[in-house]
Amino acid sequence: MNLLARFTRNVSADFRLDADLTQTSEAFEVTVLFGPSGAGKTSILRAIAGLDRPTAGRIECDGETWFDGDTGVHVPARRRRIGVLFQHYALFPHLNARSNIEFGLRSLSRGDRRKRVDSLMDLLQLVGLDRRFPSQLSGGEQQRVALARTLAPMPRLLLLDEPLSALDSPTREAVRRKLREWLAPFAIPTLLVTHDRTEAIALSNRIVVVDRGATIQSGPTLEVLRSPATPAAARIVGVETIEEARLVSVGEGTLSINVAGQMLQGVPSEGTSGLHVGDAVVMCIRGEE
């Protein structure tokens, strides 16, 4: 799947969204939109889903244009074949678990619907809960029913907005350990929003760091965590020590920096390739290092 989302949206008088996101994957991959609350992560997700219309820019998936500010194209959410799961699961209270999961499968025959739902209930450990209504389910069970309902139509792209935030801490940890395992058999490219660092590391192949409405860095998870591109990105991904420094020397396998009069040596990373002696730099040290 190839997803391109480069757009702006005036969310309010004092908040402008400036998104630049690409996802190219031949296999199952989870990309996490990561950043503090209010950074604009959910707004990006809603625009990709077609629930909100950007002010300008372009969104396309596998060569199909979903939004183009220049030509006025805006494909409705129902035609994008996207599965969306928000933090409040919005289960239909008058339908039991099976009927909730089956809701988006009306185009299938009765037998095919039964097979699809049975398969999902087995995978997500919901067997025996068919006839229970949402009010009779625990938080974890409601979350799994909502996920099954989202997966049932086999969407081309899955959008998860803080899917674990409504769960209590023990349930959240248990579901976090299982979520990738549940999603993997479907091989549906996934965008997941969270502000929880542990959740981002545990679930993602790639991370997109979002701050104040802008996507400020993206890349493979370990690369972003090890080499944040800016001090703002470093703070967001959890670097405890961030200090201004100056490059004193750089060699084949080492470099030296001056931090408040103290000389420190380190190993050059990809981000240091264009630096020269005398350049101002920022030193980042994690607590565990």
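Further up the page is the structure itself.
Residues numbered from 1 in each chain as written. Predicted model: local features only at pLDDT ≥ 70, side-chain atom pairs only at ≥ 80, totals over all residues. Heavy atoms only, no water.

A. Region of the structure containing the environment of P228. Within the fold, P228 resides in the loop between α7 (221–226) and α8 (231–236). Along the primary structure P228 and R113 are separated by 115 residues, whereas in three dimensions their C-alpha atoms are 46 Å apart. Setting aside chain neighbours within four positions, we find P228 in contact with Q217, A233, A234, V237, V239 and C284. (Helix = DSSP H or I, 4+ residues; strand = E, 2+ residues; numbered from the N terminus. Contact = heavy atoms within 4.5 Å.)

B. Quick peek at the side chain of R144. Turning to its location among the elements, R144 is positioned in helix α4 (residues 139–151). Among buried charged residues, R144 stands out as having no salt bridge; its nearest opposite-charge side chain is E141, 4.7 Å away. If we ignore the near neighbours within four places in the chain, the residues touching R144 are L124, Q125, L126 and W182. (Buried < 20%, exposed > 50% of the residue type's maximum accessible area, 1.4 Å probe, protein only. Lys, Arg positive; Asp, Glu negative; His and termini not counted. Salt bridge = Lys/Arg side-chain N within 4 Å of Asp/Glu carboxyl O.)

C. Molecular detail of helix α3 (residues 110–123). Taking 1.5 Å per residue, 14 residues should reach 20 Å; α3 reaches 20 Å between its end C-alpha atoms and fits that length. Inspection of α3 places R113, V117, L120 and M121 among the buried residues, and these make up the whole buried set. The buried residues of α3 occupy one face: seen down the axis, they fall within an arc of 100°. Seen from the open side of α3, the exposed residues pointing more than 90 degrees away from its buried face are K115 and D122. In this structure, the buried side of α3 is in contact with α2 (97–102) and α4. Of the residues flanking the end of α3, it is Q125, one or two places downstream, whose phi is positive at about 55°. (Expected span 1.5 Å × (residues − 1). Arc of directions from axis to C-beta.)

D. Molecular detail of the nonpolar core. By size, the foremost hydrophobic cluster in this structure holds 44 residues, and its most contacted members are I101, L126, L147, L151, L160, L179 and L183. In terms of residue count, the dominant contributor to this core is α4 (five residues). The contact partners of L147, leaving out residues within four places of it in the chain, are L85, L124, L160, L179, W182 and L183. By size, the runner-up hydrophobic cluster in this structure holds 27 residues, among which are L3, W66, V75 and L157. (Core = buried A, V, L, I, M, F, W, Y, C linked by side-chain atoms within 4.5 Å.)

E. Looking closely at unusual backbone geometry. Even without being a glycine, Q125 presents a positive backbone phi close to 55°. Within the element layout of this structure, Q125 appears in the loop between α3 and α4. Phi is positive for R212, which is not a glycine, with a value near 50°. Residue R212 is classed as exposed on the basis of its relative accessible area, which comes to 72%.

F. Structural view of the pairing of strand β8 (residues 157–161). Among the five residues in β8, five count as buried, and that is most of the element. Of the two faces of β8, the one carrying L157, L159 and D161 and the one carrying L158 and L160 are both buried. Of the pairings in the sheet, the one linking strand β7 (residues 82–85) to β8 comprises four bridges and is parallel in character. Note that in β8 the partner of L85 across the bridge is L160. Across four bridges, the pairing between β8 and strand β9 (residues 190–194) is parallel. Bridging across to β9, D161 finds its partner in V193. Running through helix α5 (residues 169–183), the crossover from β8 to the neighbouring parallel element β9 is right-handed. (Pairing = 2+ DSSP bridges. Right-handed = clockwise from strand over helix to strand, strands pointing away.)

G. Inspection of the pattern of salt bridges at higher detail. Summed over the entire model, instances satisfying the criterion amount to 12 salt bridges. The shortest N-O distance in the salt bridge between E199 and R172 comes to 2.9 Å. You can see E199 sitting in helix α6 (residues 197–203) and its partner R172 sitting in helix α5, a full 27 residues away along the chain. Within the structure, one salt-bridge network assembled from shared partners comprises R9, R46 and D52.

H. Region of the structure containing helix α1 (residues 41–49). The element α1 is extensively covered by neighbouring structure, given that seven of its nine residues are classed as buried. One or two steps after α1, the chain reaches G50, where phi turns positive at roughly 90°.

I. Representation of the environment of F186. Within the secondary structure layout, F186 lies in the loop between α5 and β9. When the C-alpha positions of F186 and R156 are compared, they lie 10.0 Å apart, and in sequence the two are 30 residues distant. Apart from residues lying up to four places away in sequence, F186 is in contact with L120, L123, L151 and M154.

J. Molecular detail of the packing of α4 against α5. In the contact formed by α4 and α5, the axes pass within 11 Å of each other and the chain directions differ by 20°. Judged on the interaxial angle alone, α5 and α4 are roughly parallel. For the element pair α4 and α5, the recorded crossing hand is right-handed. Across from G140, Q143, R144, L147 and L151 in α4, the residues of α5 making contact are T171, V175, L179, W182 and L183. Here the contact of α4 with α5 is built from residues that sort into six nonpolar, three polar and one charged. (Axes fitted to C-alpha atoms, helices over the stretch in contact; angles between N-to-C directions. Parallel < 35°, antiparallel > 145°, perpendicular 65-115°, else oblique. Left-handed = near helix turned anticlockwise from the far one by under 90°. Nonpolar A, V, L, I, M, F, W, Y, C, P; charged D, E, K, R; others polar.)

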